[in-house]
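Chain residues, written in single-letter form:
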Amino acid sequence: MQRAAALVRRGCGPRTPSSWGRSQSSAAAEASAVLKVRPERSRRERILTLESMNPQVKAVEYAVRGPIVLKAGEIELELQRVMALCTYPNLLDSPSFPEDAKKRARRILQACGGNSLGEAPTCQAPRREMNESSQAAPALSGGSCVRMGSYSASQGVNCIREDVAAYITRRDGGVPADPDNIYLTTGASDGISTILKILVSGGGKSRTGVMIPIPQYPLYSAVISELDAIQVNYYLDEENCWALNVNELRRAVQEAKDHCDPKVLCIINPGNPTGQVQSRKCIEDVIHFAWEEKLFLLADEVYQDNVYSPDCRFHSFKKVLYEMGPEYSSNVELASFHSTSKGYMGECGYRGGYMEVINLHPEIKGQLVKLLSVRLCPPVSGQAAMDIVVNPPVAGEESFEQFSREKESVLGNLAKKAKLTEDLFNQVPGIHCNPLQGAMYAFPRIFIPAKAVEAAQAHQMAPDMFYCMKLLEETGICVVPGSGFGQREGTYHFRMTILPPVEKLKTVLQKVKDFHINFLEKYA
Amino acid sequence: MQRAAALVRRGCGPRTPSSWGRSQSSAAAEASAVLKVRPERSRRERILTLESMNPQVKAVEYAVRGPIVLKAGEIELELQRGIKKPFTEVIRANIGDAQAMGQQPITFLRQVMALCTYPNLLDSPSFPEDAKKRARRILQACGGNSLGEAPTCQAPRREMNESSQAAPALSGGSCVRMGSYSASQGVNCIREDVAAYITRRDGGVPADPDNIYLTTGASDGISTILKILVSGGGKSRTGVMIPIPQYPLYSAVISELDAIQVNYYLDEENCWALNVNELRRAVQEAKDHCDPKVLCIINPGNPTGQVQSRKCIEDVIHFAWEEKLFLLADEVYQDNVYSPDCRFHSFKKVLYEMGPEYSSNVELASFHSTSKGYMGECGYRGGYMEVINLHPEIKGQLVKLLSVRLCPPVSGQAAMDIVVNPPVAGEESFEQFSREKESVLGNLAKKAKLTEDLFNQVPGIHCNPLQGAMYAFPRIFIPAKAVEAAQAHQMAPDMFYCMKLLEETGICVVPGSGFGQREGTYHFRMTILPPVEKLKTVLQKVKDFHINFLEKYA
């Protein structure tokens, strides 16, 4: 609520129309004549107000968008080159681009010869540039192609969905992936809200319940609120490195059954904001639980490339599901999500992402395509970016060495910063930080003295919001209070990204330390 | 319903997991052990089924990409497999996607986009200076500092550090990176450019960048503002007035939000003009069962192509003021006006010219996009929404709602910037840009006239003038026997007609029932985007088909 109020304050005041000389047009004179029929009145009550608006939208809270949203990695060159070539194919003639980048761009522009629904059947070569190479100039009829300026099929470009499926198969050690089960999305957020939109139904006690971890990424609570679904919290175990415990799932689902119909279980692995990486055993337990309780599984795996602890490994829900045998793999309904925005690429701006669905009812696939088609298609540039991410340069290609260097540098740096952050936070009295096994955030627990809690109450703020506001005011460091993600009653946290460069991060951590010690003294 | 069923049939069958050698991992062995505790069972009932799914989503219909388009895809696959048809290719005249029909991208736009995407190219001599200037400006986000943007704005790896202008300091000064999230509302500098464009377009009526929201195509803006507007239950559920025929985004979003659709009919006998008396009828009738709160206008019309007169817009604004309706003006075809006696007038401009009683009271959201006009850049999903008289608290709510989806694609925002900020006289690219723009718009005008003329030569087809937009929406006479045949196939008569047209000629158009039409009348929507010669062939084929159809079902 405070958040909403703060957001509101951000909006500018009502604008009084400036006097820009109305008499200039005869049409305006006519209009004035019309107006004379009506008495001049003072400003009326607006139609759309906080009272009259959609109450579900009003209830949405979303804590993350603050001034500090930093970019992760910088695997830019490979992606930039291919994207520029796709954008302006004249550059395919330019000698300053490596051949493999051109090859990739040509491949995307030709959409691999597949022919996808809703795509242009007539696929003319761009203006002049592609007519040298017969390979690069698809015939006018037959054979689809990708044009950055055309709508793609609602589900996404066929060839890119094939590349995604091949990527998943490689990632999962051979577990097959079917391009028909891949839906390209506008970032992962779009996929998550779309599938939730389809899932929510019923009224009263049979309204759909959606289980989400606490702490959670607030997209989930926002979409649940928007859809007027029932949020069912399960708590991650902070004492145990934020691990997910199936007994806690069981407790949550049992309690929820009194007032809703729990139908969906959302998992974020690696965790956001909590950074834990689920063990294979834990994933199995979760899948078994979903099978038992007949829950539709949502696996948010956008941080799958961001695993830093040497004793942790990313296991996809899809892979574990298949390894558990046909009873599970042919029954448990699963949607998992990936994105171009995280990992080592950190290409947030393109809004690329995909969703893979398993065991989705064929009729529902039709419904999903229909729903997606209303928004026409995900941005084609984001689809192209996704393709580059799932289909990176391989050994022997010209760009491979540079690509690998950049990728390792980004991930190596993140691992170093994850360790650094954990270590430094844990040196501060009154701060406890679990290991950052993965993802991009620290979510330390902070001790807030009783006097500070009182001061916060006097300001009508949550104590951790008060803390973060003070931190921002005194140091310029912007972090998000734990209350935006959810936390156990009486505990306080904040989420901080580990994305600033190492030296800067050290300074930031030192400042937080100094601030915290001061804060404890001030409110002792 | 037929549509939904057909859509469903499109899905592939349930996938049985292939036997890919489970014994390979010890983990799998553990899993098998766990499994033994449970008896093997046959496939269970799924959790998510047509019966259990969100009923509002189930009720959504979207004809532009509906069953006829799915059928077109099937036919294309058959052609690829060498199956003989009375035609060699499918012509997709179902969707307003100019570049898919061979329209070339505007060179300047793509040059700036390529430079923004890969700033190393700023060194390349093969790009004109004005394109580089625009790209630098976008990359630097004009020095503004917007919420949600990276405060530390590092120069890309090596390319921007030569030029101090292009290398903002680490602190202060924001910049646009195609790979970073932007502010939820969109990049500041681009919103400023949009506001300047609107002010120019509207002959000086001021536009405030704070009132501009960049969106993922216009569709995103329309559904977002509708989402905020819908409330109440029972008889006080929000009613949303939409034209019939309409662009089915509206009915789809209304259905998804469980709002009440209130139809007002455009006057086909009068070139699809909007008549305020019809608005009055519709709102009065609606008040019995809902709370009409929103009035949607599409100008120029989609699928109907009419361009509203200034007088008509004034009447609509007065009506909205009188009835306390929130106005939505879908103006994505604002550059697509072909009839010499028509001009585009923005709702915003007319609202301001009607004086302060209107301009400080009537709540208005208007929409534009990169997908239409002369640029036809559909794939970037660029667009903006301008809001007028939006309550400041609602602005906060809107930003909050937008922030959940983080930001519109930055490449789409950049494309929008180039559209609102094109080359001007004196700049290097101006001549080529103007040539390309005029060629596209001139061709569209020619094709609009051609289409109207040719359709009206066919007995049993009547086509209103295509004053604007990108579509013909001719009325077709369907004989009683064909209506019966359609009923036997459980199809709407115009769906039956369009299916036959597709099967016999390869031409894919959308039946009028997907847009709404008066009971007992039948139409289809066809784009005028194919190149002139091709369009002539298409029209000839439709003519032959229609005459045949009339004979067959006489």
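Each residue is numbered by its place in its chain's sequence as written, counting from 1. Naming scheme: in the order in which they are written, chains are lettered from A and ligands are numbered from 1. Thresholds applied to this predicted model are a pLDDT of at least 70 for local features of residues and 80 or more for the giving and counting of side-chain atom pairs; totals over whole chains, interfaces and linings are not thresholded and use all residues. Working from all heavy atoms in the structure, the side-chain values ignore hydrogens and water.

Asker: Break down the overall build of chain A for me, citing the residues and quoting the values.
Answerer: Within chain A, the regular secondary structure consists of 18 helices and 12 strands. For the exposure calls, accessible area comes from a 1.4 Å probe over protein chains only, and a residue counts as buried if that area is under 20% of its type's maximum, exposed if over 50%, partly exposed in between. Counting across all 524 residues of chain A, residues that qualify as buried make up 67%. We call two residues in contact whenever any of their non-hydrogen atoms come within 4.5 Å of each other. Here the analysis covers contacts within chain A between residues at least 6 apart in sequence; of these, 72% occur between residues at least 24 apart. Here the open area of atoms and residues is found with the Shrake-Rupley method and a 1.4 Å probe, where only the protein chains shown may cover a residue. Summed over all atoms, the accessible surface of chain A reaches about 18,100 Å², with 52% contributed by carbon and sulfur. Helical segments are the DSSP runs of H or I of at least four residues, strand segments are the runs of E of at least two, and each set is numbered from the N terminus.

Asker: Describe the overall build of chain B, with residues and values.
Answerer: Per the secondary structure count, chain B includes 19 helices and 14 strands. Split into buried and exposed, the 554 residues of chain B put 67% on the buried side. Residue pairs at least 24 apart in sequence account for 72% of intrachain contacts in chain B once pairs closer than 6 positions are excluded. Summed over all atoms, the accessible surface of chain B reaches about 18,900 Å², with 52% contributed by carbon and sulfur.

Asker: How would you summarise the nonpolar core if you had to cite specific residues and measurements?
Answerer: With 304 residues, the main nonpolar core has A:Leu298, B:Met241, B:Leu295, B:Val316, B:Ile317, B:Leu327 and B:Leu328 as its most contacted residues. With sequence-adjacent residues up to four places away left out, B:Leu327 is seen in contact with B:Leu295, B:Ile297, B:Val316, B:Ile317, B:Ala320, B:Phe347, B:Val362, B:Glu363, B:Leu364 and B:Ala365. Core analysis: the second largest hydrophobic core is formed by 37 residues, A:Val286, A:Ile287, A:Tyr328 and A:Ile358 among them. In this text, buried Ala, Val, Leu, Ile, Met, Phe, Trp, Tyr and Cys residues form a nonpolar core when linked through side-chain atoms within 4.5 Å.

Asker: Go over the sheet that holds strand β6 (residues 326–330) of chain B with me, naming the residues and quoting the values.
Answerer: Residue and element names in this part refer to chain B. Two strands form a pair only when DSSP identifies at least two bridges running between them. With mixed pairing, seven strands are arranged side by side in an open sheet as β2-β8-β7-β6-β5-β3-β4. Each edge of the open sheet carries a strand with a single partner, namely β2 (212–216) and β4 (260–265). Sheet twist, expressed as the mean angle between neighbouring strand axes with direction ignored, is 25°. With six bridges joining them, strand β3 (residues 238–244) and β4 adopt parallel strand pairing. Across the sheet, Met241 pairs through a bridge with Val262, a residue of β4. In this description, a line fitted to the C-alpha atoms serves as the axis of each element, helices being fitted only across the stretch in contact, and the angle between N-to-C directions of two axes falls anywhere from 0 to 180 degrees. Across the sheet, helix α15 (residues 410–420) touches β2, β7 (364–369) and β8 (382–388), and the angle it forms with β8 is around 70°.

Asker: Tell me what's going on with the packing of aromatic side chains, and back it up with residues and numbers.
Answerer: Stacked, tilted and edge-to-face are the three classes applied to pairs of Phe, Tyr and Trp rings, where Trp contributes its six-membered ring and a pair requires centres within 6.5 Å; stacked means planes under 30 degrees apart, edge-to-face means over 60, and tilted covers the rest. Applying the stated criterion across every chain, the model contains 28 aromatic pairs over all chains. Ring plane angle 50° and centroid distance 4.9 Å describe the contact between A:Phe519 and A:Tyr523, whose orientation is recorded as tilted. What makes A:Phe519 buried here is its relative accessible area of 3%. Ring geometry for B:Phe545 against B:Phe549: centres 5.6 Å apart, planes inclined by 35°, an arrangement best described as tilted.

Asker: So what about the pairing of β2(B)? Which residues, and what values?
Answerer: Residue and element names in this part refer to chain B. Taking burial as the measure, the five residues of β2 include five buried ones, the bulk of the element. Across five bridges, β2 lies against β8 in antiparallel orientation. When the sheet's bridge partners are listed, Thr215 is paired in β8 with Gly383.

Asker: Account for the environment of B:Val294, naming residues and giving values.
Answerer: Assignment of secondary structure puts B:Val294 in strand β5 (residues 291–298). For B:Val294, the contacting residues outside a window of four places in its chain are B:Leu226, B:Leu229, B:Thr238, B:Gly239, B:Val240, B:Met241, B:Leu325, B:Phe326 and B:Leu328.

Asker: Which residues make up empty space enclosed by the protein, and what are the values?
Answerer: Both cavities and pockets are sets of points on a 1 Å grid over the protein atoms alone; in a cavity a 1.4 Å probe fits but cannot get out, in a pocket the set is open with protein on both sides within 12 Å along at least five of seven lines, and lining residues sit with an atom within 4 Å of a point. Grid points are joined across faces, edges and corners, and a volume is the space filled by probe spheres set on the points. Inspection of the entire model under this criterion finds 19 cavities of 30 Å³ or more. In terms of lining residues, the largest cavity is bounded by 31 residues, among which A:Asp190, A:Lys197, B:Asp220, B:Ser223 and B:Lys227 are the most central. Elements with a minimum of two residues in the lining of the largest cavity: α7 (187–199), α8 (219–226) and α13 (362–374) of chain A together with α8 (217–229), α9 (249–256) and α14 (392–404) of chain B. In the lining of the largest cavity, the residues fall into 13 nonpolar, eight polar and 10 charged. For this classification, Asp, Glu, Lys and Arg are treated as charged, while Ala, Val, Leu, Ile, Met, Phe, Trp, Tyr, Cys and Pro are nonpolar and the rest, including Gly, are polar.

Asker: Explain helix α17 (residues 463–475) of chain A to me, and be specific about the residues and the numbers.
Answerer: Every α-helix carries 3.6 residues per turn, so stepping three or four residues along brings you back to the same face. All names here are of chain A. One less than the number of residues in a helix, times 1.5 Å, gives the span that helix is expected to have. Taking 1.5 Å of rise per residue, the 13 residues of α17 would be expected to cover 18 Å, and the 18 Å separating its terminal C-alpha atoms lies within 8% of that figure. All buried positions along α17 are accounted for by Pro463, Asp464, Met465, Phe466, Tyr467, Cys468, Lys470, Leu471 and Thr475. Positive phi shows up at Gly476, right after α17, with a value of about 80°.

Asker: Mind laying out the sheet that holds strand β12 (residues 494–497) of chain A, listing which residues take part and the relevant values?
Answerer: Residue and element names in this part refer to chain A. Pairing within the open sheet is antiparallel, and its three strands lie in the order β9-β12-β11. Either end of the sheet is taken by a strand with one partner, and the two such strands are β9 (441–442) and β11 (480–481). Summarising the sheet, β9 and β12 pair through two bridges and their orientation is antiparallel. Bridging across to β12, Ala442 finds its partner in Met496.

Asker: Please provide a residue-by-residue account of the packing of helix α4 (residues 77–87) of chain A against helix α14 (residues 380–390) of chain A, values included.
Answerer: All names here are of chain A. At a minimum axis distance of 10 Å, the contact between α4 and α14 shows a crossing angle of 135°. Between α4 and α14, the crossing angle belongs to the class labelled oblique. The hand of the α4/α14 crossing is right-handed. Every residue of α14 that contacts α4 at Glu78, Leu79, Val82 and Met83 is listed here: Ser381, Ala384, Ala385, Ile388 and Val389. Looking at the contact of α4 with α14 residue by residue, the classes come out as seven nonpolar, one polar and one charged. An angle below 35 degrees is treated as roughly parallel, one above 145 as roughly antiparallel, one from 65 to 115 as roughly perpendicular, and anything else as oblique. Each crossing gets its handedness from the near helix: less than a right angle anticlockwise from the far helix is left-handed, clockwise is right-handed.

Asker: Tell me what's going on with the side chain of B:Glu377, and back it up with residues and numbers.
Answerer: On the secondary structure map, B:Glu377 appears in the loop between β7 and β8. Side chain to side chain, B:Glu377 and B:Gln99 meet in a polar contact 3.1 Å long. With residues up to four places along the chain from it excluded, the contact list for B:Glu377 reads A:Gly149, B:Gln99, B:Pro105, B:Leu109, B:Arg110, B:Thr370 and B:Ser371. A 3.5 Å cut-off defines polar contacts: any pair of N or O atoms within that distance qualifies, except that in protein one atom must be a possible hydrogen donor and the other a possible acceptor, and neighbouring residues in sequence count only when both atoms are side-chain atoms.

Asker: Got a sec to walk through unusual backbone geometry? Specific residues and values, please.
Answerer: For the bond running from B:Asn299 to B:Pro300, omega is -10°, close enough to zero to count as cis. Along the polypeptide, B:Pro300 turns up in the loop between β5 and α11 (310–323). Of note in the backbone geometry, A:Cys241 takes a positive phi value of approximately 55° without being a glycine. Tracing the backbone through its elements, the reader meets A:Cys241 in the loop between β3 (230–235) and α9 (246–256).

Shape is all these values report; function is a separate question.
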